[in-house]
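# Examining the three-dimensional arrangement
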Amino acid sequence: MRSAYHEFITPIQVEYDISLSEESSYLKESYSDIEFCSDPMDVVKIIFLGAQGVGKTSIIQQFVWNHFNEEYVPSNTKRVYYSSVIFNEHVYQLKITDVPTISYFPANSFVEWTDFRFYGLRNANAYIFVFDLSNLDTFQYIRIIRDQIAESRDIKNVPILIIGNKQDLITNLHRTHFSYLSGNNHSKSTEVQKEKLKEIVSLIRKQWKCSYIDCSAKYNWKVVAVFKEIIKIIESIQPTKSATFGHREVTSLVIENMHGNMERTKCIIL
């Protein structure tokens, strides 16, 4: 199989498990150079989880393709993306899985095989949870699924990153409130939302001991930082295992050629 190439992310391989022809035909028309490929060996398996409409797919496609689709298309089937990054002078091959919103996390392999066959939920190397900053109620879904993972896996050894997406909507909302002269009620509502978000972030960092990043998939703000952070978490939790999945040493020549970029970001997309 050929690899699909993007003008600044190369190489990229993209695999789809397609069950709905409408969505797949749209993607084929938009990215006609992408072909199906087999699952490569030794990859870091990352699964995105979150309530419907929080922007999981948008974050992934912005990272992999530098593309944002203005039209909302619900994820009704599992989709898998392959990409690579350089972090701390190592190349990591990423298998990024975007799954439809699951009603619960399978407690064991039998349940997974019965209800979520081929999703790969329980053997993922890391999880990225996404909620909508403009709708903080979507965080409740994360709380439920995270607790279920904690009940069935050793949560201390499971890399988890929490993402607050749609930061652009929050920024625009705040600007509207400040410019609205008679908006006392709006201002109070904004303050309540700020306090609620502060409580959420405190729960994530202090009780769950997880990292948190807010981002905007639409404007590609902190999207690369999301994947940089999850690799950082994987290295910190599973340092002895990092050589067994997804990473290779980068030659000194490559490092020298990329030295300028490494100094600025410490994370390079291939």
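You'll find the structure just up there.
The paragraphs below set out a description of the structure included in this document. (Residues numbered from 1 in each chain as written. Predicted model: local features only at pLDDT ≥ 70, side-chain atom pairs only at ≥ 80, totals over all residues. Heavy atoms only, no water.)

Attention now goes to the overall build of the protein chain. Within the protein chain, the secondary structure is distributed over nine helices and nine strands. Across the 270 residues that make up the protein chain, the buried fraction comes to 47%. Contacts in the protein chain between residues far apart in sequence, at least 24 positions, make up 72% of those at least 6 positions apart. For the protein chain, the exposed area adds up to about 14,200 Å²; of that, 51% sits on carbon and sulfur atoms. (Helix = DSSP H or I, 4+ residues; strand = E, 2+ residues; numbered from the N terminus. Buried < 20%, exposed > 50% of the residue type's maximum accessible area, 1.4 Å probe, protein only. Contact = heavy atoms within 4.5 Å. Areas by Shrake-Rupley, 256 points an atom, 1.4 Å probe, with all protein chains shown as cover.)

Where burial is concerned, most of helix H2 (residues 56-65) is hidden: nine out of the 10 residues are buried. For H2, the complete set of buried residues consists of Lys56, Thr57, Ile59, Ile60, Gln61, Gln62, Phe63, Val64 and Trp65. One or two steps after H2, the chain reaches Asn66, where phi turns positive at roughly 55°.

Quick look at the side chain of Arg79 now. Of note, Arg79 is situated in strand S3 (residues 79-87). Given a relative accessible area of 3%, Arg79 falls into the buried group. A polar side-chain atom of Arg79 sits 3.2 Å from a polar atom in the side chain of Thr57. (Polar contact = N/O pair within 3.5 Å; in protein donor to acceptor, adjacent residues only side chain to side chain.)

What follows concerns the nonpolar core. Leu49, Leu94, Tyr127 and Ile162 are the most contacted members of the largest nonpolar core, which has 60 residues in total. Element by element, the count of residues in this core is highest for helix H7 (residues 223-237), at seven residues. Residue contacts for Leu49: discarding those within four places in its chain leaves Lys56, Val99, Ile102, Leu121, Tyr127, Ile128, Phe129, Val130, Ile145 and Ile149. (Core = buried A, V, L, I, M, F, W, Y, C linked by side-chain atoms within 4.5 Å.)

For the coordinates displayed, the defined rule picks out 10 aromatic pairs. Aromatic pair Phe48 and Phe227: ring centres 6.0 Å apart, planes at 35°, arrangement tilted. Taken together, the residues Phe48 in strand S2 (residues 44-50) and Phe227 in helix H7 connect sequence positions 179 residues apart. In this structure an aromatic cluster arises from ring pairing among Phe131, Phe139, Trp208 and Tyr212. In this structure, Arg117 packs its charged tip against the face of Trp113, placed 4.1 Å from the ring centre. (Phe/Tyr/Trp six-rings, centres within 6.5 Å; stacked < 30°, edge-to-face > 60°. Lys NZ or Arg CZ within 6 Å of the ring centre and 35° of its normal.)

Another point: the pairing of strand S6 (residues 160-165). The two faces of a sheet get side chains in turn, since along a regular strand they alternate between them. Counted residue by residue, S6 has six buried out of six residues, so it is predominantly covered. Of the two faces of S6, both are covered, the one formed by Ile160, Ile162 and Gly164 as well as the one formed by Leu161, Ile163 and Asn165. Both strand S5 (residues 126-132) and S6 contribute to a ladder of six bridges, which runs parallel. The residue bridging Ile128 from the neighbouring strand is Leu161, located in S6. Since S5 and S6 lie parallel, the crossover through helix H4 (residues 139-152) that links them has a hand, and here it is right-handed. Where S6 meets strand S7 (residues 211-214), four bridges bridge the pair, whose relative direction is parallel. Bridged to Ile162 within S7 is Tyr212. (Pairing = 2+ DSSP bridges. Right-handed = clockwise from strand over helix to strand, strands pointing away.)

Our next topic: the side chain of Asn69. Within the fold, Asn69 resides in the loop between H2 and S3. At a separation of 3.0 Å, a polar atom in the side chain of Asn69 contacts the main-chain carbonyl oxygen of Glu71.

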